[in-house]
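Topology and contacts: notes
Listed below, chain by chain, are the residues.
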Amino acid sequence: MKKHILSTILLLIAAFLTAVCVAEVAFPESFLTFTDYEFLIEKFPKIWKYNFHVGIGSLLIAILLVIPAYLKDKEFSIRGLETLFRIGIGGMFIFASIFKIQDPKQFAVLVAQYQFLPDFVNNFFSLVYPQFEFWFGLALIVTPFTKECSLAIFGMFVSFIIALIWALALDLGITCGCFELEGAQSKSETWTALIRDLILIGPTFWLTLRPNKSLISLWRNR
């Protein structure tokens, strides 16, 4: 029981630090971004410049915390990691789809800025893709089809990465538009979006290797 408690604490802290990493790298104004807190900026006026460093540092600490949790209780840690990854990645895709479903016209404008798809495909893509994000994100959390859902999400991450590399190669200067459509025609931080996706594609691939089980069955069959 004690080893379960220790592993749980370590995994929860690691999950929090990973969320901080994603926030610092890709969402500089979110509540998990510490480098934009006013009281810290007052003491360290240039701290906002180090959001990327703080994010990567948080990720490295998270990885270091997972190691002792895994060594202490291997089976429990694997179940815990799968649960956190499925809820975190699935929830992120659900959240990312909401803005696009609510405003497909603006999302179509954003997709067109990538200059990647033919015009006649653009509108259809803008209507269908957010639905994929929502339903596969939801299914990853609530259904037992872990492999299929994570494989679909892995494919979407690959498409994001290709699109972002394309935007960088052509110097398009557009925002990712992954979680917010407002301001999508302004100069973007494409590099940070690319780094975020490269970080998250790793655990998504790991989920494709996991057996198909619902989250309830994952913890019930011990």
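Residues numbered from 1 in each chain as written. Predicted model: local features only at pLDDT ≥ 70, side-chain atom pairs only at ≥ 80, totals over all residues. Heavy atoms only, no water.

Turning our eyes to something else, we now look at the packing of aromatic side chains. Within this structure, the stated rule accounts for eleven aromatic pairs. With a centroid separation of 5.4 Å and an interplanar angle of 70°, the aromatic rings of Phe76 and Trp219 are classed as edge-to-face. On the criterion of sequence distance, the pair formed by Phe76 in helix 4 (residues 74-102) and Trp219 in helix 9 (residues 215-220) is long-range, its members being 143 residues apart. With a relative accessible area of 10%, Phe76 lands in the buried category. The interplanar angle of 80° and the centroid separation of 5.7 Å between the aromatic rings of Phe85 and Trp206 together place this pair among those described as edge-to-face. On the criterion of sequence distance, the pair formed by Phe85 in helix 4 and Trp206 in helix 8 (residues 190-208) is long-range, its members being 121 residues apart. Residue classification places Phe85 among the partly exposed residues on the basis of a relative accessible area of 25%. By relative accessible area, which is 26% here, Trp206 ends up partly exposed. Grouping aromatic residues by their ring pairs yields a cluster made of Phe93, Phe125, Tyr129, Phe157 and Phe160. (Phe/Tyr/Trp six-rings, centres within 6.5 Å; stacked < 30°, edge-to-face > 60°. Helix = DSSP H or I, 4+ residues; strand = E, 2+ residues; numbered from the N terminus. Buried < 20%, exposed > 50% of the residue type's maximum accessible area, 1.4 Å probe, protein only.)

All right, on to the packing of helix 3 (residues 51-72) against helix 4 then. Helix 4 packs onto helix 3 with a crossing angle of 130° between their chain directions and a minimal axis gap of 5 Å. Judged on the interaxial angle alone, helix 4 and helix 3 are oblique. Contacts between helix 3 and helix 4 involve Val66, Ala69, Tyr70 and Lys72 from the first element and Lys74, Ser77, Ile78 and Leu81 from the second. (Axes fitted to C-alpha atoms, helices over the stretch in contact; angles between N-to-C directions. Parallel < 35°, antiparallel > 145°, perpendicular 65-115°, else oblique. Contact = heavy atoms within 4.5 Å.)

Looking now at the nonpolar core. Ranked by internal contacts, the top residues of the largest apolar core, which has 25 residues, are Ile89, Phe93, Ile153 and Phe157. Tallying contributions element by element places helix 7 (residues 146-169) first for this core, with nine residues. When residues no more than four places from it in sequence are discounted, the contact partners of Ile89 are Leu140, Ile153, Phe157, Leu200, Pro203, Thr204 and Leu207. If you look at the next biggest cluster of nonpolar residues, it comprises eight residues, including Leu10, Ala14, Leu17 and Ala62. (Core = buried A, V, L, I, M, F, W, Y, C linked by side-chain atoms within 4.5 Å.)

With that settled, consider the confidence of the model for the protein chain. Averaged over every residue, the pLDDT of the protein chain is 82; residues scoring 70 or more account for 87%. No element of the protein chain has a lower mean pLDDT than helix 2 (residues 38-43), which averages 76, and none a higher one than helix 7, which averages 89. Within the model, the stretch residues 183-187 combines pLDDT values under 50 with 13 contacts to residues more than four positions away or in other chains. (pLDDT = per-residue confidence, 0-100.)

Moving on, we come to the environment of Leu140. Relative to the assigned elements, Leu140 resides in helix 6 (residues 119-142). A sequence separation of 51 residues divides Leu140 from Ile89, and the C-alpha atoms of the two residues are 8.3 Å apart. The residues contacting Leu140, other than those within four sequence positions of it, are Arg86, Ile89, Gly90, Thr146, Cys149, Ser150, Ile153 and Leu207.

Our focus in this paragraph is helix 5 (residues 104-113). If you check which residues of helix 5 are buried, you get Phe107, Ala108, Leu110, Val111 and Gln113. Along its buried surface, helix 5 packs onto helix 4 and helix 6. Once helix 5 finishes, Gln115 follows within two positions and takes phi at roughly 55°, a positive value.

A few words on the packing of helix 4 against helix 8. Between helix 4 and helix 8, the shortest axis-to-axis distance is 10 Å and the interhelical angle comes to 120°. When the axes of helix 4 and helix 8 are compared, the pair comes out oblique. For the pair helix 4 and helix 8, the sense of crossing is left-handed. Judged by residue contacts, Ile78, Leu81, Glu82, Phe85, Arg86, Ile89 and Met92 of helix 4 engage Leu200, Pro203, Thr204, Trp206 and Leu207 from helix 8. Across the contact of helix 4 with helix 8, the residue classes tally to nine nonpolar, one polar and two charged. (Left-handed = near helix turned anticlockwise from the far one by under 90°. Nonpolar A, V, L, I, M, F, W, Y, C, P; charged D, E, K, R; others polar.)

Further remarks concern a nonpolar patch on the surface. On the surface, Leu60, Ile63, Leu64, Ile67, Tyr70 and Leu71 cluster together into a nonpolar patch covering about 620 Å² of accessible area. Along the chain, the position of Ile67 falls in helix 3. Judged by relative accessible area, which is 44%, Ile67 ranks as partly exposed. (Patch = residues over 30% accessible without salt bridge, like charges linked within 9 Å, V, L, I, M, F, W, Y side chains within 5 Å. Areas by Shrake-Rupley, 256 points an atom, 1.4 Å probe, with all protein chains shown as cover. Salt bridge = Lys/Arg side-chain N within 4 Å of Asp/Glu carboxyl O.)

This structure, assessed with the given rule, holds five salt bridges. A salt bridge links Arg79 to Glu75, with the nearest nitrogen and oxygen atoms 2.4 Å apart. You can see Arg79 and its partner Glu75 sitting in helix 4, four residues apart, about one turn around the helix. The exposure class assigned to Arg79 is buried, which follows from its relative accessible area of 8%. Glu75 sits in the partly exposed class, given a relative accessible area of 43%.

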